[in-house]
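Chain by chain, the residues:
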Amino acid sequence: MSETILEVKDLRTSFFTHLGEVQAVRGLSFTMHKGDILGIVGESGSGKSVSALSIMKLIDSPGKIKDGHILFNGKDLAEYNNRDMSDVRGNDIAMIFQDPMTSLNPVISIKNQMIEVIRRHQQVDRKQALEIAIKMLKLVGIPEPEKRIHAYPHQFSGGMRQRAMIATALSCNPKLLIADEPTTALDVTIQAQIIDIMKDISEKLGTSIILITHDLGVIAELCSKIIVMYGGMAMEKGSIDDIFYAPSHPYTKGLLKSLPRVDEKTHGRLNPIKGSPPDLMKPPTGCPFAPRCPHVMQICKEEAPALYDLGNAHQSACWLMDKRAPAVEGYSKGGSSNA
């Protein structure tokens, strides 16, 4: 088995507002190995971005990591202070945000921004840092990087700015890259190019990647493993084949049914999931999807299900997987549960 890079155990992150506690992430656990590309998908408010920010220890007040462990190369980042984390961010773990215009300083050239990051984490002089920066811009497909590196962010298109952000993130050769909605603001052609770049990075550099998105199409193109989140919790975990061709949770099935399919012979109306996501200030005691689930049972409203092992690292947090549950067409019984 390949080297374990990241192990998140029972992560719980909340925001303590004047109205009460918003439980944004409620007991998330997963493991990543070197070279893994993990997709975390879910509706807005499902907790996927907060999970990524928690790993980076970028949760500001009134937010707080309440509990859990974030083991990176065997060391628990949850116990690190800001000074310790400043050495980890950018050097060992890098992050790409949705809108590069809010991440890149508009009045500083791409060259100076990249050089600052490189020299902050590596013992190199300015000339060497510039050489690394140009090499990274070339890696992400920016033409004439020796010239373009002197440009300012506003002189780049949206896709070029995103490439520059990826190049900056990779400039210190991090072991883990976290990309939070990196293709949302881009047109489909540029999205495809960014996806190809990230694939290439993983293959050439062995970089592990966490992709945060609501776009199942992007997930299908890039990821090898998927976590489906809802209500701050993991509803289902599995491979691409597990999630897209053998989904076992009603929420995952609902997401897939709400999308248009080009491989279907007949095209009818889409089937959106009825209802609204739960209020995480007052989360339900049972399964968070229970109020919207077409197969809800009484126990679903009273007790949150454990993740049931379905084989080959496929897991589902659904009471329908329990051997005692009534048989429902399209659902198979699970194995043991990870209570």
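Structure's up top.
Given the structure is predicted, the values throughout are model-derived calculations rather than measurements.

### Quick word on helix H11 (residues 250-257)
Summarising burial for H11: 7 of the 8 residues are buried, a large majority. Regarding H11, the residues found buried are Pro250, Tyr251, Thr252, Lys253, Gly254, Leu255 and Leu256. Considering only its buried residues, H11 is in contact with helix H9 (216-222), strand S9 (225-230), strand S10 (233-239) and helix H10 (240-245).

### Re the layout of surface pockets
Over the atoms, a rolling probe the size of a water molecule traces out where space has been left empty. Looking at the largest pocket, its volume works out to about 560 Å³. Together, 21 residues line the largest pocket, and Met95, Ser103, Val117, Met165 and Thr168 are the ones closest to its centre. If you list the elements that add at least two residues to the lining of the largest pocket, you get strand S6 (93-96), helix H4 (110-121) and helix H7 (158-170). Top contributing element to the lining of the largest pocket by residue count: H4, with 5 residues.

### Describing empty space enclosed by the protein
One pass over the full model with this rule turns up 1 cavity of 30 Å³ or more. Considering only enclosed or pocket space, the largest cavity measures out at about 90 Å³ in volume. Lining the largest cavity are 15 residues, and of these Cys287, Cys293, Cys300, Cys318 and Trp319 lie nearest its centre. By residue class, the composition of the lining of the largest cavity is 13 nonpolar, 2 polar and no charged.

Here is what the cut-offs are and how they apply
- Residues numbered from 1 in each chain as written.
- Predicted model: local features only at pLDDT ≥ 70, side-chain atom pairs only at ≥ 80, totals over all residues.
- Heavy atoms only, no water.
- Buried < 20%, exposed > 50% of the residue type's maximum accessible area, 1.4 Å probe, protein only.
- Helix = DSSP H or I, 4+ residues; strand = E, 2+ residues; numbered from the N terminus.
- Contact = heavy atoms within 4.5 Å.
- 1 Å grid on protein atoms, 1.4 Å probe; cavity = no way out; pocket = protein on both sides within 12 Å on 5 of 7 lines; lining within 4 Å.
- Points joined across faces, edges and corners; volume = space filled by probe spheres on them.
- Nonpolar A, V, L, I, M, F, W, Y, C, P; charged D, E, K, R; others polar.

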